[in-house]
Amino acid sequence: MEWQPDEQGLQQVLQLLKDSQSPDTATQRAVQEKLEQLNQFPDFNNYLIFVLTSLKSEDEPTRSLSGLILKNNVKAHYLNFPPNVADFIKRECLNNIGDPSPLIRATIGILITTIASKGELQLWPELLPQLCNLLNSEDYNTCEGSFGALQKICEDSSELLDSEALNRPLNIMIPKFLQFFKHCSPKIRSHAIACVNQFIIGRAQALMDNIDTFIESLFALAGDEDSEVRKNVCRALVMLLEVRIDRLIPHMHSIIQYMLQRTQDPDENVALEACEFWLTLAEQPICKEALSGHLVQLIPILVNGMKYSEIDIILLKGDVEEDEAVPDSEQDIKPRFHKSRTVTLQHEGVEGEEGEDIDDDEDDDDDTLSDWNLRKCSAAALDVLANVFRDELLPHLLPLLKGLLFHPDWVIKESGILVLGAIAEGCMQGMVPYLPELMPHLIQCLCDKKALVRSIACWTLSRYAHWVVSQPPDAHLKPLMTELLKRILDGNKRVQEAACSAFATLEEEACTELVPYLSFILDTLVFAFGKYQHKNLLILYDAIGTLADSVGHHLNQPEYIQKLMPPLIAKWNELKDEDKDLFPLLECLSSVATALQSGFLPYCEPVYQRCVTLVQKTLAQAMMYSQQPDQYEAPDKDFMIVALDLLSGLAEGLGGHVDTLVARSNIMTLLFQCMQDTMPEVRQSSFALLGDLTKACFLHVKPCIAEFMPILGTNLNPEFISVCNNATWAIGEICMQMGTSSSSQQQCVEMQPYVAMVLNQLVEIINRPNTPKTLLENTAITIGRLGYVCPQEVAPLLPQFIRPWCTSLRNIRDNEEKDSAFRGICMMIGVNPGGVVQDFIFFCDAVASWVNPKDDLRDMFYKILHGFKEQVGVENWQQFSEQFPPLLKERLAACYGV
């Protein structure tokens, strides 16, 4: 006997559905309570499916809502449904998938895939065969409804469908889907492509077996009149470019021609999918060869796509010029992620060329439209292509640029400024001759009457900051800085934000060039404090922190401190311990403390205390959570990480002055816990702090060494690069302090028990392929320092590490770290000269990398080089030094007379 609803129960459910469409919050609350009551009755879900599939007298929104409430119940409690209820729901779904209403069909499709994703694909074996069977129905609604459901299942369960668990249903499904590419209904063609598209990136075997049929079928649909079909064709080709470029190469010329057309499609969604093609192609090795002949067509299309659309301008309130007094809505403020401290060394040559984890906020010039759109995609594509083709792009661009940059229509002018910014990285060489006349024009655009022009000009100028700083300061730096500071105080929030970000970039490039203007800069930044709404305040902290990093100790002047510190401390006192705005403020203060050094002393005590409290609170909450997870919430450990990093900044800035603060707090106990935290970023920051405290006040660290060293040893695991890097650095700092605090005999005795805990791991890391440069350098320094303190223990391993040791330190600038590491190597060579014989040429090269070694270190080098020469005899030395590159030969002859 089929289940039938009871009339009274049905009326109750219908009333509930009506009420839940009311905007009134009190009614909504009552609905929630009623729902919870009704969920106690097992057959409540039968009523919901009945309303959805059978109660045709009700309006569609009500029936659909009934299905969506049922979907939520399935999500939350499906495993507790009685079997007869579950079966009734499944049967009703399949019987009604061809409902005449598109809304009801779609709702049933969502319900089916929700049940399927509850582990039910295995427990509902008839589902896929039945849906595939229904595709053959003569009735359009049944075919479309089944396809809609299949598309959702393919989206939600693509991996499972391609696994043994279900007997590989794709072997039947994919050929079946491909037949429907030729269906007379565009909606069905579109579903069919969308289903197959789910299996491209995962390279499902069944698709790979039919790949040529798939590609031919796509080509056949190239001219389809339906925009949804065209969009799915473009999407498929973009993914195939990543996964099966081998199959596309024979047709590449016609695919490119097709994509050029589609990138100009009247439907922006199609144009956006097509535009992704250029981004993906730029990452393929064949890009240059495939695109060279098409640039003349492609460049104007991309440039044209970089204009704001009318809808963008409405969404961006492009006609609102002044909004600085309007408070920010909280959902506009993106969550910030604190980047934990990593210890790095200074290199010869250009700063910041690491390329390891420098994150570039590329193209987020209009990030409140954080939806990806044609403008952003076109700009990103132009940017990557500029990096592939370099200056070969310019002949196609420059004629266009002239017309854009000076255009009377602000929308077109704005797009020209964006173009100029997008190519800055790739075409810098070729742009240099034009920059002297372009710069004044761009700086003038900072005063444009349109806020969106002012904001894009900020971004583009920041992309050329490196060049600006390379010119005499009066030429461009001074006018640019003057105008940017005015924009920081703009009446428009978007311009304030763009100007602050651009100024931070300029600070990084200009560094101490800014020192003459510090008073003026600080006046502006401090004035902005009183002016900014919430979101931009967070960016302002960053600009102040970057300024401190860039000018360093030059900031330590009474008049500057007087300007800067009061507003920062006022904010600091205003914020509660649980306020996430503390993150950027703590980061900012950390930079300021490091720069001000002793100038920060009057402010250090409350700041230090609060950081210790933040660490303590977080640890306590983590402890309670681990013991009673149902009673307590997990803490946000970012508070602890940022606090540890600010303590590092204080230790680095205040040096020995931090001694009394450490003495009066339990930081060492807290540090012991942080070093063992499960979260890598917490350990990373705690090792950085350990190293900084070791340098600043070793007196307090020394009693804890026996407990700390084994923890440091277990963290020498290169799977967590930054944790490993900071632990390595801290070990090296401890060696140096042990080394200075006692006689050489004494220090070796003190350090000796710990060498075995760390040495083998360090040697293993320095020999690992693909280890990042920063970690290699820190590892080499620490091995050298261990050898400096305990040469007898480390020297026997020389042959295992000397070659990578020398190659990783040859590019480091002369500094204390390098000095101590090389002293260590010299002492080890004294103990075990045979250990370097095989790789002596590498040692010679590393010695030659020194510009001005201290006299006693130079003597050590001299003795080793001459000792080696005497050992092997003049003739052998002659042969040996023949292998030297000419430059190395010259340097060694000039500096050491060998």
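All figures in this text were calculated on a predicted structure; none of them were measured in a lab.

Colleague: So what's going on with the confidence of the model for the protein? Residues and values would help.
Modeller: Reading fine detail from the predicted coordinates is not recommended where pLDDT is low. The predicted model of the protein has a mean per-residue pLDDT of 91, with 95% of residues at 70 or higher. The model gives residues 349-369 a pLDDT under 50, and that stretch makes 44 contacts with residues more than four places away or in other chains.

Colleague: Lay out the UniProt feature "domain: Importin N-terminal" (unreviewed entry) in the protein with the relevant residues and their values.
Modeller: Under the present numbering, the feature "domain: Importin N-terminal" (unreviewed entry) in UniProt falls on residues 31-99. Counting secondary structure, residues 31-99 comes out at 72% helix and 0% strand; the distance between its end C-alpha atoms is 28 Å.

Colleague: Summarise the packing of helix α11 (residues 186-197) against helix α14 (residues 227-243); cite the residues concerned and give the values.
Modeller: If you want to describe how two helices pack, look at the angle between their axes and the distance between the axes. Between α11 and α14, the least distance of the axes is 9 Å, while the angle of their chain directions is 20°. In terms of their interaxial angle, α11 and α14 are classed as roughly parallel. Note that α11 runs across α14; the crossing there is left-handed. Along its contact with α11, which presents P186, R189, S190, I193, A194 and N197, the element α14 presents E228, V229, N232, V233, R235, A236 and M239. Residue composition of the contact of α11 with α14, by class: seven nonpolar, three polar and three charged.

Colleague: Describe in detail the packing of helix α22 (residues 394-405) against helix α23 (residues 410-422), supporting the description with residues and values.
Modeller: Following both chains from N to C, one finds α22 and α23 inclined at 140°, their axes separated by 8 Å at the closest point. With respect to α23, the element α22 is oriented oblique. Considering the relative orientation of α22 and α23, their crossing is left-handed. Contacts between α22 and α23 involve L397, L401, L404 and L405 from the former and I412, K413, S415, G416, I417, V419 and L420 from the latter. Of the residues in the contact of α22 with α23, the class split is eight nonpolar, two polar and one charged.

Colleague: If you had to explain the pattern of salt bridges to someone new, which residues and values would you point to?
Modeller: Any two side chains of opposite charge can pair, on the condition that their charged atoms come close. Summed over all chains, the structure comprises 42 salt bridges. With its nearest N and O atoms 2.7 Å apart, the salt bridge here joins K563 to D523. Placement of K563 in helix α32 (residues 558-574) and of D523 in helix α30 (residues 518-531) is noted, with a sequence separation of 40 residues between them. On the basis of relative accessibility, which here comes to 23%, the residue K563 falls in the partly exposed class. Put simply, D845 and R810 hold a salt bridge, and the shortest N to O gap is 2.6 Å. Separated by 35 residues along the polypeptide, D845 in helix α47 (residues 840-848) and R810 in the loop between α45 (798-809) and α46 (816-831) bring together distant segments of the chain. What emerges from the salt-bridge pattern is a single network uniting R454, E483, K486, R487 and D490.

Procedures and definitions
Residues numbered from 1 in each chain as written. Predicted model: local features only at pLDDT ≥ 70, side-chain atom pairs only at ≥ 80, totals over all residues. Heavy atoms only, no water. pLDDT = per-residue confidence, 0-100. Contact = heavy atoms within 4.5 Å. UniProt positions renumbered as here; feature names shortened; annotations may be inferred. Helix = DSSP H or I, 4+ residues; strand = E, 2+ residues; numbered from the N terminus. Axes fitted to C-alpha atoms, helices over the stretch in contact; angles between N-to-C directions. Parallel < 35°, antiparallel > 145°, perpendicular 65-115°, else oblique. Left-handed = near helix turned anticlockwise from the far one by under 90°. Nonpolar A, V, L, I, M, F, W, Y, C, P; charged D, E, K, R; others polar. Salt bridge = Lys/Arg side-chain N within 4 Å of Asp/Glu carboxyl O. Buried < 20%, exposed > 50% of the residue type's maximum accessible area, 1.4 Å probe, protein only.

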